[in-house]
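Observations on the three-dimensional arrangement
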Amino acid sequence: RRPISLPRLAQMRAAGEKITMLTAYDATFAAVADAAGVECILVGDSLGMVCQGLHSTVGVTLEDMAYHTASVTRGLHRAQGTAWVIADLPYGSYAESREQALRSSCALMQAGAHMVKLEGGGWTAPTVEFLVERGIPVCAHLGLTPQTVHALGGYRVQGKDDVAANTLRRHAHALQDAGASMLVLEMVPAALAASLTEELQHCHTIGIGAGSGTAGQVLVLHDMLGVNLGKMAKFVHNFMQDAGSVKGAMQAYVEAVKNGSFPNNELHAW
Ligand code: KIV
Ligand code: NA
């Protein structure tokens, strides 16, 4: 198997093959996800909730992210994995200036990431352009952006009315123009995510609670395994339920995303 690269992801997209992504925070789960056929591993700052027991991602530091990114990439290396590794830039590590964002991104790239992810639209476009010009692939993240949960007023669907949808669309286009090659859309209406996916040919949309029309899907590892401290979000499916093993659950997830049975817009979307 050849390593997953940006050209390979673009090929998949062109061929109409869905891109699969799962979060992982340590060496072993990353290697198992890779072996199950997951193309992209996100070292998400959701680790604040699922590993550290925090109530939001706001408390996660750059040092935390670098530590988990290094663990994941060591696991993949040992297992001769091929996954594309994306690391979240955590709260407070990229908003101050483009230079700060570059320094933080370099720390994650040096920990082994292939791409960094940052949340938000509008002000983030110049930051994305600055990073991409300097050879750092960037994944953007719009819709429900958990680092700004206190400003958003809770974990709720975004882009529901026309004004919010138009703002989101404007931000998404600006991020593609700035060079973002991936875009996570979290908790946005399925119709909006599907139309954005058609519009953005150079930026692969990855949905979570955004319906089945995106170029790919992502879930938090613990959620899809059915191990959760809180209540399960509507957009999640417990793939462990009918699987005999963690690897089996991940394979079922990959298969369901590829064949279009997950997500189901009736059950998992808005
Ligand atoms: O941190 C995370 O796990 C994420 C995904 C939910 C997209 O950002
Ligand atoms: Na995140």
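Residues numbered from 1 in each chain as written. Chains lettered and ligands numbered in written order. Predicted model: local features only at pLDDT ≥ 70, side-chain atom pairs only at ≥ 80, totals over all residues.

Let me state the cut-off plainly: UniProt positions are given in the numbering used here, feature names are shortened, and annotations may be inferred rather than shown by experiment.
Going by what an unreviewed UniProt entry lists, the chain is known as 3-methyl-2-oxobutanoate hydroxymethyltransferase and is assigned to Comamonas terrae. What UniProt records for the chain under Catalytic activity (unreviewed entry) is the sentence "(6R)-5,10-methylene-5,6,7,8-tetrahydrofolate + 3-methyl-2-oxobutanoate + H2O = 2-dehydropantoate + (6S)-5,6,7,8-tetrahydrofolate".

1. A short note on the environment of S71
We count it as follows: By the criteria applied, helices consist of DSSP H or I runs no shorter than four residues and strands consist of E runs no shorter than two, each listed in order from the N terminus. Our contact criterion uses C-beta atoms placed from the backbone: two residues qualify when those atoms are within 7 Å.
Tracing the sequence through the fold places S71 in helix α4 (residues 62–78). Each C-alpha atom, one on S71 and one on A194, is 34 Å from the other, the two residues being 123 residues apart in sequence. Leaving out residues up to four positions away in the same chain, S71 has contacts with D26 and A27.

2. With respect to the UniProt feature "binding site: Mg(2+)" (unreviewed entry) in the chain
Let me state the cut-off plainly: Burial is judged by counting the other C-beta atoms within 10 Å of a residue's own C-beta: 20 or more makes it buried, 12 or fewer makes it exposed, and any count in between marks it as partly exposed, with every C-beta position built from the backbone.
In the numbering used here, UniProt assigns the feature "binding site: Mg(2+)" (unreviewed entry) to D45, D88 and E119. In terms of the greatest pairwise C-alpha distance, the residues named above, spread along 75 residues, form a tight cluster of at most 11.0 Å across. Checked against the element boundaries, D88 lands in strand β3 (residues 84–88). In this structure D88 comes out as buried when scored by C-beta crowding, with 30 C-beta atoms within 10 Å. Those residues in contact with D88, other than ones at most four positions away along the chain, are V43, G44, D45, M65 and K117. If you trace the backbone, E119 turns up in strand β4 (residues 115–119). Contacts of E119, omitting those with residues within four sequence positions, involve H141, T145, Q147 and T148.

3. Describing the pairing of strand β7 (residues 204–208)
Inclusion rule: When DSSP locates at least two bridges between a pair of strands, those strands are taken to pair. Viewed with both strands pointing away, a crossover whose connecting path from the first strand over the helix to the second turns clockwise is right-handed.
Counting buried residues in β7 gives five out of five residues, a clear majority hidden from the surface. Going residue by residue along β7, you find H204, I206 and I208 tucked away on one face and T205 and G207 tucked away on the opposite face as well. Examined bridge by bridge, strand β6 (residues 182–186) and β7 share five bridges and lie parallel to one another. Considered in β7, the bridge of E186 is made with I208. The handedness of the β6 to β7 crossover, carried by helix α9 (residues 190–199), is right-handed. Note that β7 and strand β8 (residues 216–219) share two bridges and pair parallel.

4. Comments concerning the packing of helix α2 (residues 27–35) against α4
In plain terms, the rule: Note on definitions: angles span 0 to 180 degrees between N-to-C directions of axes, and those axes are lines fitted to C-alpha atoms, for helices only across the stretch in contact. Comment on the angle field: the value is read as roughly parallel under 35 degrees, roughly antiparallel over 145, roughly perpendicular from 65 to 115, and oblique elsewhere. For any pair of crossing helices, the crossing counts as left-handed if the nearer helix is rotated counterclockwise from the farther one by less than a right angle, and right-handed if it is rotated clockwise. Gly falls in the polar group here, along with every residue not listed as nonpolar (Ala, Val, Leu, Ile, Met, Phe, Trp, Tyr, Cys, Pro) or charged (Asp, Glu, Lys, Arg).
Their axes nearest at 7 Å, the elements α2 and α4 cross at an angle of 50 degrees. One element, α2, and the other, α4, form an angle in the oblique class. α2 and α4 meet at a crossing whose hand is right-handed. Contacts between α2 and α4 involve A27, T28, A30, A31 and D34 from the former and S71, V72, R74, G75, L76 and R78 from the latter. Grouping the amino acids of the contact of α2 with α4 by side-chain chemistry returns five nonpolar, three polar and three charged.

5. Points about the pairing of β6
The element β6 is extensively covered by neighbouring structure, given that five of its five residues are classed as buried. Neither face of β6 is left uncovered, since the one carrying M182, V184 and E186 and the one carrying L183 and L185 both have all their residues buried. Note: strand β5 (residues 138–143) against β6, five bridges, orientation parallel. Within β6, the position partnered with A140 by the bridge is L183.

6. Quick notes on the nonpolar core
Within soluble globular proteins, side chains that are nonpolar tend to cluster in buried spots. Put simply, the rule is: Each nonpolar core reported here comprises buried Ala, Val, Leu, Ile, Met, Phe, Trp, Tyr and Cys residues connected via C-beta atoms within 7 Å.
The biggest cluster of nonpolar side chains holds 89 residues, and the ones touching the most others in it are L22, A33, I41 and L183. It is helix α11 (residues 246–258) that provides the largest number of residues to this core, a total of six residues. Leaving out residues up to four positions away in the same chain, A33 has contacts with L22, A24, V38, I41, A83 and M250.

7. A closer look at unusual backbone geometry
With glycine set apart, most residues show a phi of negative sign, and most peptide bonds adopt trans. Following F262, the chain continues to P263 via a peptide bond in cis, the omega torsion being -5 degrees. Residue position: P263 is located in the loop between α11 and α12 (265–268). You will see that Q80, though not glycine, has its phi angle at about 55 degrees, which is positive. Along the chain, Q80 turns up in the loop between α4 and β3. Judged by C-beta crowding, with 11 C-beta atoms within 10 Å, Q80 ranks as exposed. The phi torsion at M187 lies on the positive side, around 50 degrees, for a residue other than glycine. When you line up the elements, M187 lands in the loop between β6 and α9. What makes M187 buried here is the crowd of 25 C-beta atoms within 10 Å.

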